[in-house]
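One-letter residues, chain by chain:
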Amino acid sequence: MVDVTKWPVFSLMGTQELSMIRKASVFGTSANEAIYVTKDDEVYVFGLNCSNCLGTGDSQSSVVPKKLDFLSGRKVVSLSYGSGPHVLLATEDGELFAWGHNGYSQLGNGTTNQGVAPVLVSANLLNKKVTEVACGSHHSMALTDSGEVYAWGYNNCGQVGSGSTANQPTPRRVSSCLQSKVAVGIVCGQTSSLAVVDNGEVYGWGYNGNGQLGLGNNGNQLTPCRLVALQGSCVQQIVSGYAHSLALTDEGLLYTWGANTFGQLGTGNKSNQLSPVQIMSEKERIVEVAACHSTHTSAAKTQSGQVYMWGQCRGQSIVLPHLTHFTCTDDVFACFATPSVMWRLLSMEHDDFLTVAQSLKKEFDNPETADLKFCIDGKYIYVHKAVLKIRCEHFRSMFQSHWNEDMKEVIEIDQFSYPVYRSFLEFLYTDNVELPPEDAIGLLDLATSYCENRLKRLCQHIIKRGITAENAFSLLSAAVRYDAEDLEDFCFKFCVNHLTEVTQTAAFWQIDGDLLKDFICRASRCGAFKN
């Protein structure tokens, strides 16, 4: 499952807020702006707000998410962003909204006034249902449910496809050789445009100085031209980077073309390609490709779930597809793209699918599925023998036929408290421990008894974070008792550094005499009692 906190802008959000996110996009020249849609179809934005791209009605930046009330309840199906940035958003009802930078009329409202809040784009789109949007640097495209392509905005290289280089202030249908075609997908490079039609043909127009249109030359095109080099291939997906393009066929074959300064074509060199070149032919079937106009990064996912990346990756030029440990192409852009934007509107809809770890966590202390319970201080904790045996050597030994406990349905525990033992069992299901420092001492005792070294380290970490003058000497005593040398050294230094406060606590004078003598000797050797 995709974790949006891999994008730094989301790292300040709390668990509850994150759990409500259904769709999200990170954008902007420094990946400092974000928009997300919640499960109840509320739209929120936060970030730097360059060119009013957050659509909040003002130019204020915000680290706190702000709701766009105008878009409340509208189901978002497609979203894209430009370099200004400007933002396009399409809803399930086929409506198109735009806001942000508008210096080239890329908002499609006939003006060049900045769009401070979402506005419905209606010119030439009345009775049209928009299903997909795409943004270049400063131009915009929309695809309708009938397969028509509309474009508008900056047109210095013909990227609007109107046959001229005059900027287009309102949506205009891209016709020419697309007139009788049914488009099924659209993408934009910085100043170029591509469309794939229902028979798998690809058409390109706009800037072509790096060969990003794949036409075999580097001349700009003011109207759509078919990529004849892909004839015989049925393209299912196209994506565009800053000045390069990728196409995936229905047979799982991958073709790349265009700029290659950073190795973003994956050909093993940095030479631009004016025509499509097949790459990864020795790999298994490709099922997804990824790129976006604000980066020089490329990624692909194979049938077995392997994710490869190449191009500009955190400043490095990777000229051949490199196998990663990621499970989705989105993570490549979160961790390695510059800027670390999202290459598509990210969806967190997973049909309530739970990973193994999430399922285990959910089943802890569940009487409906448990086959064993522990009784501590008169309270029950419900667990599963198999999980305990897999996760803990102590239980693996306990549940042998020669142990009495193996035949029991209820096991009584009297040497540890309920909070401590519950926390231990929960750790076996979650790998996490949440206890106050005082209880963590008891858990440290248990971890020592059960030879659970990782748990022992976690307990020491909790105790260190919670040490105060009031409990420092008690914690030092526990560290000595449970042979936790690192913790003992930490507590000792804390006591010496706060000697006056510590020696005035009840815990200091109630401590075992030998430990007190040992502390005084060690402290004197450290010069704690010098004037």
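Just so you know, these numbers come straight off a predicted model, no measurement behind them.

### Points about the overall build of the chain
Along its length, the chain carries 13 helices and 28 strands. The C-alpha radius of gyration of the chain comes to 31 Å, more than 25% above the 24 Å expected for a compact globule of 531 residues. Expressed as a percentage of the 531 residues in the chain, the buried residues total 52%. In the chain, 51% of the contacts between residues at least 6 apart in sequence involve partners at least 24 apart. Just so you have it, the chain exposes about 23,500 Å², and 47% of that area is on carbon and sulfur atoms. Separation of charge centres in the chain, based on 41 positive and 54 negative side chains, amounts to 4 Å.

### Some words on the packing of helix α7 (residues 437-449) against helix α8 (residues 453-465)
In the contact formed by α7 and α8, the axes pass within 9 Å of each other and the chain directions differ by 160 degrees. Here α8 runs roughly antiparallel to α7, going by the angle between their axes. Once α7 is placed against α8, the crossing between them reads as left-handed. Where α7 approaches α8, its residues Pro 437, Ala 440, Ile 441, Leu 443, Leu 444, Ala 447 and Thr 448 are matched on the opposing element by Leu 455, Lys 456, Cys 459, Gln 460, Ile 462 and Ile 463.

### Focus: empty space enclosed by the protein
With the rule as written, the count across this model stands at two cavities of 30 Å³ or more. Each pocket or cavity is described by its volume, and for the largest cavity that value is around 40 Å³. Lining the largest cavity are Leu 476, Val 480, Glu 488, Phe 492, Leu 515, Asp 518, Phe 519 and Arg 522. Of all the secondary structure elements, the ones that give two or more residues to the lining of the largest cavity are α9 (472-481), α10 (485-497) and α13 (513-525). Per element, the largest residue contribution to the lining of the largest cavity is four residues, and it comes from α13. Split by residue class, the lining of the largest cavity holds five nonpolar, no polar and three charged. Empty space within the second largest cavity amounts to approximately 30 Å³.

### Structural notes on the UniProt feature "repeat: RCC" (unreviewed entry) in the chain
As annotated in UniProt, the feature "repeat: RCC" (unreviewed entry) corresponds to residues 41-92, 94-146, 147-199, 200-251 and 252-303 in the numbering used here. A helix fraction of 0% and a strand fraction of 43% characterise residues 147-199, whose end C-alpha atoms lie 12 Å from each other. The span residues 200-251 shows a helical share of 0% and a strand share of 44%, and its end C-alpha atoms are spaced 12 Å apart.

Thresholds applied
- Residues numbered from 1 in each chain as written.
- Predicted model: local features only at pLDDT ≥ 70, side-chain atom pairs only at ≥ 80, totals over all residues.
- Heavy atoms only, no water.
- Helix = DSSP H or I, 4+ residues; strand = E, 2+ residues; numbered from the N terminus.
- Rg over C-alpha atoms; globule rule 2.2 N^0.38 Å.
- Buried < 20%, exposed > 50% of the residue type's maximum accessible area, 1.4 Å probe, protein only.
- Contact = heavy atoms within 4.5 Å.
- Areas by Shrake-Rupley, 256 points an atom, 1.4 Å probe, with all protein chains shown as cover.
- Lys, Arg positive; Asp, Glu negative; His and termini not counted.
- Charge placed at Lys NZ, Arg CZ, Asp CG, Glu CD.
- Axes fitted to C-alpha atoms, helices over the stretch in contact; angles between N-to-C directions.
- Parallel < 35°, antiparallel > 145°, perpendicular 65-115°, else oblique.
- Left-handed = near helix turned anticlockwise from the far one by under 90°.
- 1 Å grid on protein atoms, 1.4 Å probe; cavity = no way out; pocket = protein on both sides within 12 Å on 5 of 7 lines; lining within 4 Å.
- Points joined across faces, edges and corners; volume = space filled by probe spheres on them.
- Nonpolar A, V, L, I, M, F, W, Y, C, P; charged D, E, K, R; others polar.
- UniProt positions renumbered as here; feature names shortened; annotations may be inferred.

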